[in-house]
Amino acid sequence: PLKGEVYIDGAKNSALPILAATLLAEGTTVIENIPNLTDIDIMCRLLKISGAKIKRNFEKKTVEIDATSLTFGELPEEHVRKIRASFLLAGPLLARNKRVNIQMPGGCPIGVRPIDLHLKGLYLLGAKIKQSHGVIELKCEKLKGTQIHLDFPSVGATINLILAATYAKGKTTIKNAAKEPE
């Protein structure tokens, strides 16, 4: 029989959406078992640019995020283009600030992937959307619960829409949602 203990590092694909979700909490959130990866560094920079206060303890593998005072600003292309998960900030920032300007995401080794399902769902929740020169401007007066049918069960779109819908008034149902663990 095998015996012993194995330490498992936190998963990047879980940590990135969890970090984005912290923008929905007014107050301090502590996330444990955060992997020490470049993508996590970039997401933390984007959270900070969004107005969150970040304290990262590399030794304990924790990140403390205080998202009490978010600010509006355009998320800079230099960071957004490095990781696809940067677009997961669109839903929470729209929900909290009622607007966000964000570049098209990048960082995907398999090439450019569309964000049309994210935008379709955010539109159905009440966002007004403008795209110009690679910048996506999202605005809303308030988000409202609705039914959203995803043409494809996209993990990223499912996450983004769940995050945005937490501040929507009323019930939101996402049909054909992704079922992956993240």
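Residues numbered from 1 in each chain as written. Predicted model: local features only at pLDDT ≥ 70, side-chain atom pairs only at ≥ 80, totals over all residues. Heavy atoms only, no water.

J.: Just checking my understanding: could you explain helix α6 (residues 155–165) for this structure?
T.: Owing to its 3.6 residues per turn, the α-helix brings residues three or four apart onto one side. Extensive coverage of α6 is indicated by the burial of eight of its eleven residues. Three or more residues of α6 are buried, namely Ala 157, Thr 158, Ile 159, Asn 160, Leu 161, Leu 163, Ala 164 and Ala 165. Residues of α6 that are buried in the fold lie against α1 (12–21), α4 (90–97), α5 (116–125), β8 (147–149) and β9 (173–175). Two to three positions downstream of the cap, the backbone nitrogen of Ala 157 sits 3.0 Å from a side-chain oxygen, assigning the N-cap of α6 to Ser 154. (Buried < 20%, exposed > 50% of the residue type's maximum accessible area, 1.4 Å probe, protein only. Helix = DSSP H or I, 4+ residues; strand = E, 2+ residues; numbered from the N terminus. Contact = heavy atoms within 4.5 Å. Polar contact = N/O pair within 3.5 Å; in protein donor to acceptor, adjacent residues only side chain to side chain.)

J.: Help me out: how do you make sense of the pattern of salt bridges in this one?
T.: Pairing of side chains with opposite charge becomes possible as their charged atoms draw close. Applying the stated criterion across every chain, the model contains six salt bridges. Between Glu 77 and Arg 81 there is a salt bridge whose closest N-O contact spans 2.9 Å. For Glu 77, a relative accessible area of 40% corresponds to the partly exposed category. Across the pair Asp 151 and Lys 120 runs a salt bridge whose closest N-O atoms are separated by 3.3 Å. (Salt bridge = Lys/Arg side-chain N within 4 Å of Asp/Glu carboxyl O.)

J.: Please explain the side chain of Ser 86 as it appears in this structure.
T.: Tracing the chain through its elements places Ser 86 in the loop between α3 (77–80) and α4. Judged by relative accessible area, which is 0%, Ser 86 ranks as buried. Those residues in contact with Ser 86 that lie beyond four places of it in its chain are Met 43, Leu 46, Val 80, Ile 102 and Pro 105.

J.: Explain the packing of α4 against α6 here, please?
T.: For any two helices packed against each other, one specifies the inter-axial angle together with the distance between the axes. Relative to each other, α4 and α6 sit at 15°, their axes nearing to 7 Å. Compared by their axis directions, α4 and α6 come out roughly parallel. When you trace α4 past α6, the crossing you get is right-handed. Between α4, through Ala 90, Gly 91, Pro 92 and Ala 95, and α6, the contact on the second element is made entirely by Asn 160, Leu 163 and Ala 164. In terms of residue class, the contact of α4 with α6 is made up of five nonpolar, two polar and no charged. (Axes fitted to C-alpha atoms, helices over the stretch in contact; angles between N-to-C directions. Parallel < 35°, antiparallel > 145°, perpendicular 65-115°, else oblique. Left-handed = near helix turned anticlockwise from the far one by under 90°. Nonpolar A, V, L, I, M, F, W, Y, C, P; charged D, E, K, R; others polar.)

J.: Honestly, the sheet that holds strand β7 (residues 135–139) in this entry has me stumped. Any pointers?
T.: Adjacent strands of a sheet pair through backbone hydrogen bonds, lying either parallel or antiparallel. The mixed open sheet is built from four strands, whose spatial order is β4-β5-β7-β6. This sheet does not close on itself; its edge strands, each paired only once, are β4 (74–75) and β6 (128–132). Sheet topology note: the strand β5 (residues 99–103)/β7 ladder contains five bridges and is antiparallel. For Gln 103, the partnering residue across the bridge sits in β7 and is Val 135. (Pairing = 2+ DSSP bridges.)

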